[in-house]
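Observations on the three-dimensional arrangement
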Amino acid sequence: MTIFSSLVVLFVLVGTSFAAISLRGQGEPPPVFEVEEVVEGDPSRFAVADFNKGRYLGAVLRARPLADTGNPFALLVMGLAYESGKGIDQSHELALVNYRKAVEAGNQEAPYRLAHLLISLGGEKNQKEARLVLEGLAEKEGGEAAWRLGEGYLKGWFGGESDFAKARSWWEKAAEKGNVTAMISLARLLDGEFGFSDQRDVSGALKQYVSAAELGFGPAMTRAGSRLLNGDEKTRDEEKGRKWLARAIESKQWDAYFVLGDYAEKAT
């Protein structure tokens, strides 16, 4: 399933290595879904292909009659067209209508599209619906939706101020499902990178970096190694730190050399 792609604030240490998992901006639209999502033999595949290739009018002409029959992919195409104004006059109201129908028809991408648009539009009613949509998804599939809920609570997307406790809770649930993005987000939250300095938990942050590193995520190897070598005194472990940095270098995370150099300079 194609989900939104990803995050905004980068680590100074690891630079662009974390670009793929930095916090996404509220107004950033999700990318166009991939043609591969279409079930083989589904008649809407031509409409999907047209939309992905920028032939928007053709996509709408192909998708509209199929959407009228309840085809989930065609409904998604119509929702995208109405939301973006590509191939048809823009109408957020009609985009919501088509997204909701696509959700009911079982399209897996539609709930995320629906939640994103509702959040973008703002307002208490829309925020509540977006939250309920994502909570429903989190109960079924866990990782991605739970991560989005944590992001939403951190950024106040569901009304109110930034909520550390709820962001942490949802990211913990997503991390337990093996969602690497949630592990990194949670680590950064516990490291105080999003504020809440009084809630810092350096041991908890290191645990999440290590968990992501154990799943093969290179930038987390660098971050774990850095924390183990140069981080809080109570979490330092030179042997483990060097091992993670060696693995990071094997994964072509060249910033690990800077971590080692910084450590060597401090040791002299």
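Right, let's walk through the structure included here.

The rules behind each value
Residues numbered from 1 in each chain as written. Predicted model: local features only at pLDDT ≥ 70, side-chain atom pairs only at ≥ 80, totals over all residues. Heavy atoms only, no water. Core = buried A, V, L, I, M, F, W, Y, C linked by side-chain atoms within 4.5 Å. Buried < 20%, exposed > 50% of the residue type's maximum accessible area, 1.4 Å probe, protein only. Helix = DSSP H or I, 4+ residues; strand = E, 2+ residues; numbered from the N terminus. Contact = heavy atoms within 4.5 Å. Salt bridge = Lys/Arg side-chain N within 4 Å of Asp/Glu carboxyl O. Axes fitted to C-alpha atoms, helices over the stretch in contact; angles between N-to-C directions. Left-handed = near helix turned anticlockwise from the far one by under 90°. Nonpolar A, V, L, I, M, F, W, Y, C, P; charged D, E, K, R; others polar.

Regarding the nonpolar core
The nonpolar side chains of a soluble globular protein tend to be buried, and buried together. Met-78, Tyr-99, Leu-134, Phe-158, Trp-171, Leu-189 and Trp-244 are the most contacted members of the largest nonpolar core, which has 75 residues in total. With nine residues, the top contributor of residues to this core is helix α3 (residues 72-84). Leaving out residues up to four positions away in the same chain, Leu-134 has contacts with Tyr-112, Ala-115, Ala-145, Arg-148, Leu-149 and Phe-158.

Examining the pattern of salt bridges
As enumerated under the stated definition, the model contains 15 salt bridges in all. Residues Glu-151 and Arg-148 are paired through a salt bridge, measuring 2.6 Å at the closest nitrogen-oxygen approach. Taken together, the positions of Glu-151 and Arg-148, both in helix α7 (residues 143-155) and three residues apart, correspond to about one turn of that helix. Of the two residues examined, Glu-151 and Arg-148, each falls in the buried class. Glu-172 serves as the salt-bridge partner of Arg-168, at 3.0 Å between the closest nitrogen and oxygen. Of this pair, Arg-168 and Glu-172 both sit in helix α8 (residues 164-176), four residues apart, which is roughly one turn of that helix. Among the charged side chains, a network of salt bridges with common partners joins Asp-50, Arg-55 and Arg-62.

Overview of unusual backbone geometry
Located in the positive-phi region is Phe-196, a residue other than glycine, with phi close to 55 degrees. Not every positive phi belongs to a glycine, and Lys-252 is a case in point at roughly 65 degrees.

Observations regarding the packing of helix α6 (residues 124-141) against α7
Closest axis-to-axis distance for the α6/α7 pair is 7 Å, and the angle between their directions is 145 degrees. Crossing handedness for the pair α6 and α7: left-handed. Together, Arg-131, Leu-134, Glu-135, Leu-137, Ala-138 and Glu-141 of α6 and Gly-143, Glu-144, Ala-145, Ala-146, Arg-148, Leu-149 and Tyr-153 of α7 make up the contact between the two elements. Grouping the constituent residues of the contact of α6 with α7 by class yields seven nonpolar, one polar and five charged.

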